[in-house]
Every structure is written in structure tokens, then in C-alpha cells.
Amino acid sequence: MSNKDINIDALFIGEKAENGDMFKSILTDLIDEHLGWRQNYMPQDKPLISEKEKDSAEYQETVEKMRDVLDEVSTRLRSNSVPWHSPRYWGHMNSETLMPAILAYTYAMLWNGNNVAYESSPGTSQMEEEVGHDFADMFGFKDGWGHISADGSIANLEGLWYARNLKSLPMAIKEVKPELVEGKSDWELLNMTTDDILDMLEELSDEEIDAVKARSARGGENLKQLGKWIVPQTKHYSWLKAADIIGIGLDQVVSVPVDNNYRMKVDELEKTIRSLVADKTPILGVVGVVGSTEEGAVDPINEIVELRKKLMKEGIYFYLHVDAAYGGYARTMFLDEDNNFIPYKDLKKVHKEYGVFQEEKDYISEDVYNAFKAIEDAESVTVDPHKMGYIPYSAGGIAIRDIRLRNIISYFATYVFEKGSKAPSMLGAYILEGSKAGATAASVWAAHHVLPLNVAGYGKLIGKSVEAAHHFYDFLSNLSFNIDGQEIEVHPLTNPDFNIVDWTFNIKGNKDLVKMNELNHKFYDEASFMSGPIYNNDFITSHTDFAIPDYGNSPLKYVEGIGYDEKEWNRAGKVTILRACVLTPLMYDKKHFEEYAEKIKSAMEEKLTRILSK
Ligand SMILES: *Cc1c(COP(=O)(O)O)cnc(C)c1O
């Protein structure tokens, strides 16, 4: 079969467990293989648990106890889990996960490999090495590398760790081997490019590198002089944790306003940088977000890259990290089967050829396309397989553009284990974490091999979620309710860059933003665990607040569009938003969507009626 013909529906257990029998049959085969593997090792060894022991009362009672406990686990999970598999779930970044990933995870868990070191997990460590290269290829990093992390928060922390250590290296070199940086001012040293720093390291002996690393930011001094870490207002809160833990401190984090589409304003970024530079404050780095957590907005990474090129001519340089925890996998929509970035003019044609979308619409704007392309110029990228990779938790990831960056955070001397060894890295030495599940690597590896990281595989899957998001957006755009004579309007936030759709309800004519916020919060209560057992709920969503301390006036245009003025916006201080991350691989089909749209509409109407009659 050519990859073009991959049928996504075959790869999920299914809303009504349509592929359940297949799932069970493959799982049973895999378990049998594991049991056989145990039995076949050293056939001269006798079983140690005898039939007689199995017949004993204590043994039987112990088994019963185990069954009871598992029954309790089952009861708790069945009554307290979120039915994210259903097209009635329009909430958090959660959905069906890929069957090959669940199967590989479960199977590999039986082997319990620890990917901290190759020797404790040869099979899954090799898979993680390959997955790391998949990440790098997905982002266009030719000499790159990557690995799986526990989650996106850890990957972001690691990104800041790279930036911090790197920024401090030239000053450390000045102490250890001043002749290498002779004639350079401290300002110039704090503005060296990543390529130049990594090239310079190659001129040092292994022992000198260790001495330099010991005098780098790792030593703990001068953390503040490394400068500011610049993020958009839409940043994930993990950046604050990262700045805290990495030791630069929250005061070094500067946030840049976003525009009406919740994308970073690059002219504001330039202003921020120029005013810092005027005070001789260096720029430690800039974060661009691809798929913001609350809006799915895609920052103009290409413009950030252009700005950096411009500033480089003025002797200013910053590290660029792309936080694509959510949106990273969507880059596969732009890659052909040879891993080339598809020219924009051919995109619709190729998408049609591969069946990425059912309808030929302008789902992907040129801005978003350009932003995704430019990720290849970043130093590092966060990507979460457990979000748009449709992999079970917990699977985050990071990719770096230049594999040499690894050595600036690593914790063993490079020469201890690189000499002559062809084996994959001693992962624990190069990353933040120690022990880590080999099962996760098997899971991601299996998914990447069933669904290639290009337009034929993941691109097609993610296309379905994007198309579903647009169906939902169109549905909300034409929706209103009449509840006991009161007209309820529906206000979608923005045409989605990607696949998150936000909206609010308002009573027509209401001029009180606080009251509108209450209405939307109450709706969330009705559409979540807040209103009783979630399994009984027929429409589930999530919510967030866009509040002035985080967002400044970026939401003002939106609330003005609903009918509030700036004074009312300042009085309320926030707007409460309902939020749907549309990951479902099922709602791309217009007919299926329309069936559910009817059900969602009546569920919404019922909830609004309950709220307004209280
Ligand atoms: C989800 C998310 C994170 C954090 O990832 P976790 O896997 O939840 O730790 C970071 N940044 C963005 C943009 C995200 O959407």
C-alpha cells in the first residue's frame, strides 16, 4: 500500500469501540509474545511458583484481593473519567489516541525498559534516538537532534537551560582561554551567535571545555547579566516555572503584546529589544509560540527570524526557542514524502491529492504557513506527542537545531562516552530527567512508523482536526438561541489559525461585561465536572479568562465587537472565554458534523435554559 492510501479510521479504537475487537486481538497476540519471551529464556530453569502453591488458600485469597482492588480502580475510572473520545467533547487538548501508540506502549511496558541509559533498554533507547531524529527532521533541522521528555513544561525548561548556558559560555571562555576572545568587549561576548559559540568550542580541548562549563551559568554567578527572556502575552505558564527554576528569576521574563489574532506583535518585540539594548541589557532569548494554549494562535516566527537577521547586523543576537508544544506536529501538513517543505502555491493541490481536507477552503493562511516554515531557523523547539501527536501521556519532546548544543548542558565529560561508541547516547547525561519510560519511546516510535511525519500521515490526521475546527467555528458563527424571549448571541473569538475555537455567549442588549462573564462561567460549570458526574454530561467544554494582567488590552477589540467600551473592559478586568481544542479525528466529515451539531445545539440550549431560569 502506498502511504497515500492510509485510512485514519483504522488507527483509532473508535467512538463506539468500532475497532475494539481488532484492538483486543492485537493486544492478546502481543501479550502472548511477551509471555513466550519469558518462558523461552533459559529453558533449563524450572518454574518457581508451583501448582500446589497456587492451590493454597492464601494464594487464592491474595488473587481475590487483587481482583477486588482492580474492580475498585475500574469503578473509579468508569465513573470519574472524561469521555474525550466522543464528538460531544469540545474542551481541553485531549482526544482519542492512536491505537498503534496504545498497543506499543502497553506492550513495551511489559519489558519495563528505562531509557535513562542504553544498557538498561537497548530496544527502546534505540527507538528514542530515532524518534529524536524524527523530531529534528519534522522541524527541518539537518544537523539536529531531539528526545522525548515527560511533557512540554520540562521541554520548555530544557530550552531555557540551553539558552542560559549558551549565553554564558563566551564570558566563561574569556576566563579560561582569553586568547580565543581577544579584542571582544563583554557586550560583544553576550551577543555572539549560537553558531559562532559552538564553532569556538571546537577549538577547545575536552579538559578546557569542562573548565569552561564549570565557569558558565551552571556555576550560579551572574545569572542576571545574561539578559531578558522575552515571551508573548499568550505564553504558557510553564515559562514562569522555568525562569524560576533555572535561576534567572521571574523578573527577567518580559512579555510582549499580541495582536487581535493573539499572535505576537513583532514590531512591539523590536521596540522591547531596542529599549533593553539601549540600557545595555542583553537578550537571553525570545520564545515564539506555535499553537498558543488558549487560542491555538501561531506567532509569526518568520518575522521574528527576520528581525533577528536585521539586529545581527547591529551586533545584537538572541536565542530563539519555538514553543510548539501544541502545534508542532502540524508542520507535517507542509512536508512532502521526501521531507521537503511544500511550496505555498502547491499546497492546496498536494492536500487535495492526499485527501488532507474534504473541502477546498482556505484553511491554512499564508501567514501561518510562513511561520511553520521558519521554525527551521530556531535553536530549539518544544513539541508534545501527547497533544497533536495523539500519543498517550506522558510524552513531551524537544528538538535542537545543532546537535553540538547537547554538550553545553550535559553532565558527563564528552570524551567519557563518545569515543568509538556507535551506541545511542547515554540519554540521562544529556537531558534534564533521569529514569524514563522506554514504553513512551516505543509508543511514539510506533505512531511515527504507522503515520509518517508528512502530508501522507500525520498531515492527513491533523488536517482532519483543522477541518473539524472550522466546521465548529462556522457552526458557532451562525448560532443564536431564544430562551424564554431572551436572545442569546454567540461570539466566536477569531477565525482559528489552527484548531482551537474560542467563543462567548451574551444576552442580546446586555451592557454589563461582568454579567456576561458570569453567564459564560456558569455555562462552563454546566458543561464540565462542576455540574455532577461528567459521564452523564452531553456536551463538555473548557474555559479560560483573558485578564488584563496577562493579556493587557489585546482582547479589547473582541469585547468592543460584542458591544462594550474600554471603560467597561477596564471595569471588568477580564473576559471569560469558552474554549474548544478540536483534536477529534472524527468530525471532519460535514455530514457527521451536522448530526452532532444538532445534538450540541440542543445540549447548549438546555444548559442555557437551566442557567437563565435560576
Ligand atoms: C501544553 C503546552 C505547554 C506545556 O506542556 P505540558 O505537556 O502540558 O507540560 C507548553 N506550551 C504550550 C504552548 C502548550 O500548549
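See above for the structure.
Just so you know, these numbers come straight off a predicted model, no measurement behind them. (Residues numbered from 1 in each chain as written. Predicted model: local features only at pLDDT ≥ 70, side-chain atom pairs only at ≥ 80, totals over all residues. Heavy atoms only, no water.)

### Side note on the sheet that holds strand S8 (residues 396-400)
Here comes step 1: Strand order in this open sheet of seven strands is S2-S8-S7-S6-S5-S3-S4, and the pairing throughout is mixed. A strand with exactly one partner marks an edge of an open sheet, and here the two such strands are strand S2 (145-149) and strand S4 (253-256). Neighbouring strand axes in the sheet, compared pairwise and without regard to direction, differ in orientation by 20° on average.
Here comes step 2: Both strand S6 (residues 319-324) and strand S7 (residues 380-383) contribute to a ladder of four bridges, which runs parallel. Bridge assignment links Asp323 to a residue of S7, and that residue is Thr382.
Here comes step 3: Across the sheet, helix H6 (residues 152-176) is in contact with S2, strand S3 (228-232), strand S5 (283-289), S6, S7 and S8; its angle to S6 comes to roughly 175°. (Pairing = 2+ DSSP bridges. Helix = DSSP H or I, 4+ residues; strand = E, 2+ residues; numbered from the N terminus. Axes fitted to C-alpha atoms, helices over the stretch in contact; angles between N-to-C directions. Contact = heavy atoms within 4.5 Å.)

### As for the pairing of strand S12 (residues 540-547)
Here comes step 1: Counting buried positions over the eight residues of S12 gives six, a clear majority of the element.
Here comes step 2: As judged from the six bridges shared by S12 and strand S13 (residues 574-581), these two strands associate in the antiparallel manner. Paired with Ser542 across the strands is Arg579, a residue of S13. (Buried < 20%, exposed > 50% of the residue type's maximum accessible area, 1.4 Å probe, protein only.)

### Some words on the packing of aromatic side chains
Here comes step 1: Evaluation of the coordinates by the stated rule reveals 27 aromatic pairs.
Here comes step 2: Aromatic rings pair up to connect Trp90, Phe472, Phe475, Phe481, Trp503, Phe505, Phe523, Phe539 and Phe593 into one cluster. (Phe/Tyr/Trp six-rings, centres within 6.5 Å; stacked < 30°, edge-to-face > 60°.)

### Points about the nonpolar core
Here comes step 1: Judged by nonpolar contacts, the single largest core of 81 residues is most densely connected at Leu98, Leu269, Ile273, Val286, Tyr329, Tyr458 and Ile462.
Here comes step 2: For Leu98, the contacting residues outside a window of four places in its chain are Leu11, Phe12, Gly389, Tyr390, Ala447, Leu451, Tyr458 and Leu461.
Here comes step 3: Core analysis: the next-biggest nonpolar cluster, separate from the first, contains 46 residues, Met171, Met192, Met200 and Leu223 among them. (Core = buried A, V, L, I, M, F, W, Y, C linked by side-chain atoms within 4.5 Å.)

### Describing the packing of helix H20 (residues 513-526) against helix H24 (residues 590-612)
Here comes step 1: Where H20 meets H24, the axes come as close as 10 Å, and the angle between the chain directions of the two elements is 120°. The angle between H20 and H24 falls in the class oblique. The two elements H20 and H24 cross, and the hand of that crossing is right-handed. Two secondary-structure elements touch here, H20 through Leu519, Lys522, Phe523 and Glu526 and H24 through Met604, Lys607, Leu608, Arg610, Ile611 and Leu612.
Here comes step 2: Partitioning the contact of H20 with H24 into residue classes produces six nonpolar, no polar and four charged. (Parallel < 35°, antiparallel > 145°, perpendicular 65-115°, else oblique. Left-handed = near helix turned anticlockwise from the far one by under 90°. Nonpolar A, V, L, I, M, F, W, Y, C, P; charged D, E, K, R; others polar.)

### Describing a negative patch on the surface
Here comes step 1: A cluster of acidic residues, Glu58, Glu61, Glu64, Asp68 and Asp71, forms a negative patch at the surface.
Here comes step 2: Tracing the sequence through the fold places Glu61 in helix H3 (residues 57-79). (Patch = residues over 30% accessible without salt bridge, like charges linked within 9 Å, V, L, I, M, F, W, Y side chains within 5 Å. Areas by Shrake-Rupley, 256 points an atom, 1.4 Å probe, with all protein chains shown as cover. Salt bridge = Lys/Arg side-chain N within 4 Å of Asp/Glu carboxyl O. Lys, Arg positive; Asp, Glu negative; His and termini not counted. Charge placed at Lys NZ, Arg CZ, Asp CG, Glu CD.)

### A closer look at the packing of helix H1 (residues 20-40) against helix H4 (residues 99-111)
Here comes step 1: Contact geometry for H1 and H4: axes closest at 10 Å, N-to-C directions at 20°. Here H1 lies roughly parallel to H4, going by the angle between them. Classified by chirality, the crossing of H4 by H1 is right-handed. The residues of H4 that touch H1, namely those facing Met22, Phe23, Ile26, Leu27, Leu30, Ile31, Glu33, His34, Trp37 and Arg38, are Met99, Ile102, Leu103, Thr106, Tyr107, Leu110 and Trp111.
Here comes step 2: Along the lines of polarity and charge, the residues of the contact of H1 with H4 split into 13 nonpolar, two polar and two charged.

### Side note on the site of the ligand
Here comes step 1: Close contacts around the ligand come from 15 residues, with Gly152, Ser153, Asp323, Asp384 and Lys387 the closest.
Here comes step 2: Within the backbone of Gly152, an N or O atom sits 2.8 Å from an oxygen atom of the ligand.
Here comes step 3: Out of a free accessible area of 380 Å², the ligand has 90% covered by protein chains.
Here comes step 4: When its residues are assigned to classes, the shell around the ligand shows three nonpolar, eight polar and four charged. (Near = heavy atom within 4 Å. Polar contact = N/O pair within 3.5 Å; in protein donor to acceptor, adjacent residues only side chain to side chain.)

### So, unusual backbone geometry
Here comes step 1: Put simply, Tyr393 and Ser394 share a cis peptide bond, and its omega is 0°.
Here comes step 2: Relative to the elements of secondary structure, Ser394 occurs in the loop between S7 and S8.
Here comes step 3: Not every positive phi belongs to a glycine, and Asn112 is a case in point at roughly 50°.
Here comes step 4: Within the secondary structure, Asn112 sits in the loop between H4 and helix H5 (122-138).
Here comes step 5: Judged by its relative accessible area of 63%, Asn112 falls in the exposed class.

### As for the side chain of Asp384
Here comes step 1: Here Asp384 is to be found in the loop between S7 and S8.
Here comes step 2: Ignoring anything within four residues of it in the chain, the contact list for Asp384 reads Asp151, Gly152, Ala324, Ala325, Tyr329, Gly389, Ala395, Gly396 and Gly397.

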